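Remarks on the overall topology
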Amino acid sequence: MGSKGREIIGMDVNELLGLLRKAYSDEWLAYYQYWLGAKLVKGPMKDAVGAELLQHATEELAHADMVALRIIQLGGTPVTKPEEWYTHTNCGYDAPDDPYVKKLLEQNIKGEQCAIGVYTRLLDLTRDKDPVTYNMVLTILQQEVEHEEDLQALLEDYELLMQAVKG
Ligand code: FE
Ligand code: FE
Ligand code: MG
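It is worth spelling out the pattern of salt bridges at this point. Pairing is possible between side chains that carry opposite charge, provided their charged atoms lie close to one another. Summed over all chains, the structure comprises eight salt bridges. A salt bridge links K110 to D94, with the shortest nitrogen-to-oxygen separation between them at 2.8 Å. With K110 in helix α5 (residues 101–126) and D94 in the loop between α4 (85–88) and α5, the pair connects residues that are 16 residues apart, well separated along the chain. A relative accessible area of 51% means that K110 is categorised as exposed. A salt bridge links E106 to K102, with the nearest nitrogen and oxygen atoms 2.8 Å apart. Taken as a pair, E106 and K102 lie in helix α5 at a separation of four residues, close to a single helical turn.

What follows is the structure, encoded as structure tokens:
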């Protein structure tokens, strides 16, 4: 990266790169979990849930893009082999083997809660140390918070619908 750009970073760049590579792996796994879930989803409200899952997939891929660009800017290399996503990931991957709406919503809410934790820690770590990464992490964190809220609102609608059906 540019020499002045590196000079303004007040922390261990290799440590930061390690954490960004972990976040990058999380984003690809989240992307795939959402993308496939959107195709397989079954049950009440599946169209609304599928549309939200697909939108989130697109946003997770955009996060992977942002994190990859920052890794490269810092002089690092994003994870080059998909099988390594599994060794680096913080939040893991929940296969949509049971694609019932409630199950998919619960799996992805869990994923978002993990992502919120990961980016909150990265935000704390980069605060006053690396303003460029800090700003990117804040942008991503804002979207992860929105994702959790979107999914919890859908789960709430689903529960209300189920109650109404039971009478
Ligand atoms: Fe994300
Ligand atoms: Fe998300
Ligand atoms: Mg959304």
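After presenting the structure, the write-up continues.
Now for the coordination of the iron ion (ligand 2). Note on the iron ion (ligand 2): its protein donors are E60 (OE), E112 (OE), E112 (OE), E144 (OE) and H147 (ND1). The metal-donor distances range over 2.0 to 2.4 Å. In terms of primary sequence, the donors binding the iron ion (ligand 2) are separated according to E-x51-E-x31-E-x2-H. A distance of 3.9 Å spans the gap from the iron ion (ligand 2) to the iron ion (ligand 1), which E60 bridges by coordinating each metal. Of the two residues, E60 is situated in helix α3 (residues 46–73) and E144 in helix α6 (residues 131–166); the sequence distance between them amounts to 84 residues.

Here is what the cut-offs are and how they apply
- Residues numbered from 1 in each chain as written.
- Chains lettered and ligands numbered in written order.
- Predicted model: local features only at pLDDT ≥ 70, side-chain atom pairs only at ≥ 80, totals over all residues.
- Heavy atoms only, no water.
- Salt bridge = Lys/Arg side-chain N within 4 Å of Asp/Glu carboxyl O.
- Helix = DSSP H or I, 4+ residues; strand = E, 2+ residues; numbered from the N terminus.
- Buried < 20%, exposed > 50% of the residue type's maximum accessible area, 1.4 Å probe, protein only.
- Donors = N, O, S within 2.8 Å, 3.2 Å for Na, K, Ca; no water.

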